[in-house]
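Given next are the chains, with one letter for each unit.
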Amino acid sequence: LSSGINAEYGESTECRKLFHVIILGCLTFILFNNFLMAVLILLLLVVKSESEPIGYQSSKPEGVSILSDFPDAKTFFKQYVVPAKPVIFKGAAKKFPAFSKWTDSYIQSLPQSKDYSVFLEEGKKENRGDGSQRVSFYTFLNIYKSQDVYCVNEIPPFMREDVPVPRSIACPFLVDQLMIDNVMWFSSGGTKSVWHNDGFENINCLFRGEKTFILADRAETLDRAHIDVRDGSYSTVDVDNVDLKKYPGLGEIQFYKADMEAGDCLYVPFLWFHHVSSVGSNLAANIWWRTYRTEMKCEDQDLPDLTIADLKFMGADDSKFPLADRVHLALYADDYMYNHNHSTPDVFLHAVGQVLDETPGYEHVSDEIILWLFSKLDGNRNGILEYEEIDRILFDLPVLLATEHSLLGMAQGWLDHSIRYLYQTVYDLIS
């Protein structure tokens, strides 16, 4: 019957809901032979269908892949990062010192907890318009169980040695160049985040309590996710009571669900939409890093034993990134690039042009120069930029130097046509 309805009317969420409610009402009448009971159940079902939390609008959310531990970097990137597939590492964090050590009493026993301040967020149901304040970590631990507050803060420096770097992301280049930030999430449970996405790759590890992530693939749902606050990449939708008349696209999304228990870690791909809720006393930490799709060439036996304390983080404010990093991020975040896994000259021109227009000294770089840069990055000369070619922007020093110097010089008219030609010829010989 469902297949017939879909064939006749399409896969309309409202049509499916109405169909299912009618069928259930008829079954109730047949089973109980009571018209009033059937009507009552129909009304209850209709009310329920209009007040579902996010993730249950179109169909039951699908589960995500589960592994028993962190894989090596090569496997992780090939099977999960490049194809952008979330995965749970079941019990992987139970081996972290933080899992057994980070009790409230232990943290308060640390002398630094009385002097170190953390951000206290008011209202466990996130509203990004609400304010935050700073209190000592020690004070937070005294009040968080009895007040409607939670903590979002970087992991205190005196606790970072308790969190190892997962071997899946411990390659030297990644830890030296691509680390963005670390965050500690601490509450008594009952927190609910807004529906949002982050411009970074993410591994979140849970040390106590339970968490549920509702996720959606950005490539499949971008025009239906209703991210209506662009500055912050989040939606104003009520995650407890989704209004499909106001946010109809959410009724057409395939959602995914990741249920985490204490000791689990979860990989959330770059730009995937997600909503997070917590149950019970809850303590988690995550690492954000810059997206990077070139195959990681490092072996486990060559990796040092690193903790969060060993890492240097760029910070999450991308406006402060170096020019090359901002160009790299803009290309990966572009809609066409995200959906097709490559960049064309037109896409490159648009994305890079926007970054340069916002960069002092580069505002007047011509389209000709940007397309020249495209041709230099297009190593196989196939007219598109693939992952490895875009990633060169970050680590190929000769390309970076040539890019920045040539753009700046040409933008300011320092080089005439003949010098440009000579520069390009010399550069080609060196390359």
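Residues numbered from 1 in each chain as written. Predicted model: local features only at pLDDT ≥ 70, side-chain atom pairs only at ≥ 80, totals over all residues. Heavy atoms only, no water.

K.L.:
Please clarify how the packing of helix H10 (residues 323-333) against helix H12 (residues 345-357) should be interpreted in this entry.
P.N.:
Any two packed helices are characterised by how steeply their axes cross, that is the angle between the axes, and by the distance between the axes. Where H10 meets H12, the closest approach of the two axes is 9 Å, and the angle between their N-to-C directions is 140°. It follows that H10 is oblique to H12 by the angle criterion. Crossing of H10 against H12: the hand is right-handed. In this structure, H10 contributes Leu 323, Arg 326, Val 327, Ala 330 and Leu 331 to the contact, and H12 contributes Phe 348, Ala 351, Val 352, Val 355 and Leu 356. Class assignment for the residues of the contact of H10 with H12 results in nine nonpolar, no polar and one charged. (Axes fitted to C-alpha atoms, helices over the stretch in contact; angles between N-to-C directions. Helix = DSSP H or I, 4+ residues; strand = E, 2+ residues; numbered from the N terminus. Parallel < 35°, antiparallel > 145°, perpendicular 65-115°, else oblique. Left-handed = near helix turned anticlockwise from the far one by under 90°. Contact = heavy atoms within 4.5 Å. Nonpolar A, V, L, I, M, F, W, Y, C, P; charged D, E, K, R; others polar.)

K.L.:
Would you take a moment to explain the environment of Leu 373 for this structure?
P.N.:
With respect to the secondary-structure elements, Leu 373 resides in helix H13 (residues 367-377). Spatially, the C-alpha atom of Leu 373 lies 9.5 Å from that of Phe 348, the residues being 25 residues apart in sequence.

K.L.:
Looking at this structure, how should I read the packing of aromatic side chains?
P.N.:
Two descriptors summarise a pair of aromatic rings, namely the distance from one centre to the other and the angle between the planes of the rings. One pass over the structure, following the stated rule, counts 23 aromatic pairs. A centroid spacing of 6.3 Å and a plane angle of 55° characterise the contact between Phe 96 and Phe 207, whose relative ring orientation is tilted. Placement of Phe 96 in the loop between strand S3 (87-89) and helix H5 (97-101) and of Phe 207 in strand S8 (residues 201-216) is noted, with a sequence separation of 111 residues between them. Classification of Phe 207 as buried rests on a relative accessible area of 5%. Measuring from centroid to centroid gives 6.5 Å for Phe 270 and Tyr 332, while their planes differ by 85°, and the two rings are edge-to-face. Residue Phe 270 is located in the loop between strand S10 (265-268) and strand S11 (273-289), and its partner Tyr 332 is located in helix H10; the two are separated by 62 residues in the primary sequence. (Phe/Tyr/Trp six-rings, centres within 6.5 Å; stacked < 30°, edge-to-face > 60°. Buried < 20%, exposed > 50% of the residue type's maximum accessible area, 1.4 Å probe, protein only.)

K.L.:
Which parts of the structure should I look at to understand unusual backbone geometry?
P.N.:
Generally, phi is negative for residues other than glycine and the peptide bonds are trans, each holding for most cases. Of note, His 226 is a non-glycine position whose phi angle comes to about 55°, a positive value. If you trace the backbone, His 226 turns up in the loop between helix H9 (218-221) and strand S9 (256-261). For Arg 381, which is not glycine, the phi torsion reads 55° and is therefore positive. Inspection of the secondary structure puts Arg 381 in the loop between H13 and helix H14 (387-395).

K.L.:
Looking at this structure, I do not really get the side chain of Asn 286. What am I missing?
P.N.:
Examined against the element boundaries, Asn 286 turns out to sit in strand S11. For Asn 286, the side chain forms a polar contact with the side chain of Asn 202, separated by 3.2 Å. Contacts of Asn 286, omitting those with residues within four sequence positions, involve Asp 181, Asn 182, Val 183, Trp 185, Asn 202, Ile 203 and Asn 204. (Polar contact = N/O pair within 3.5 Å; in protein donor to acceptor, adjacent residues only side chain to side chain.)

K.L.:
Is there a simple way to explain the pairing of strand S6 (residues 149-153) in this structure?
P.N.:
Every regular strand shows the same layout, with side chains that alternate between the two sheet faces. Counting buried positions along S6 gives five out of five residues, so the element sits mostly inside the fold. Where S6 meets strand S7 (residues 179-187), three bridges bridge the pair, whose relative direction is antiparallel. Considered in S7, the bridge of Cys 151 is made with Phe 186. (Pairing = 2+ DSSP bridges.)

K.L.:
Before we go on, may I ask you to explain the confidence of the model for the chain in this structure?
P.N.:
When pLDDT is low, close inspection of the predicted coordinates is not appropriate. Overall, the predicted model of the chain reaches an average pLDDT of 85, with 79% of residues at or above 70. The low-confidence segment residues 1-14, where pLDDT is below 50, has 18 contacts with residues more than four positions distant or belonging to other chains. Predicted confidence for residues 411-421 stays below pLDDT 50, and this span has 11 contacts to residues more than four positions away or in other chains. (pLDDT = per-residue confidence, 0-100.)

K.L.:
Would you explain the environment of Ile 214 in this entry?
P.N.:
Note on placement: Ile 214 falls in strand S8. Setting aside residues no more than four positions away along its own chain, Ile 214 makes contact with Ile 54, Gly 55, Trp 195, Phe 255, Tyr 256, Lys 257, Phe 273, His 274 and His 275.

K.L.:
Is there a simple way to think about the state of the cysteines in this case?
P.N.:
In a disulfide, the sulfur atoms of two cysteines are held together by a covalent bond. Applying the stated criterion across every chain, the model contains two disulfides. What pairs with Cys 171 in a disulfide is Cys 298, and their sulfur atoms sit 1.8 Å apart. The sign of the S-S torsion, about -45°, decides the handedness of the disulfide formed by Cys 171 and Cys 298: left-handed. Here the residue Cys 171 occupies a position in the loop between S6 and helix H8 (172-177), and Cys 298 occupies one in the loop between S11 and H10, the gap between them amounting to 127 residues. (Disulfide = S-S within 2.5 Å.)

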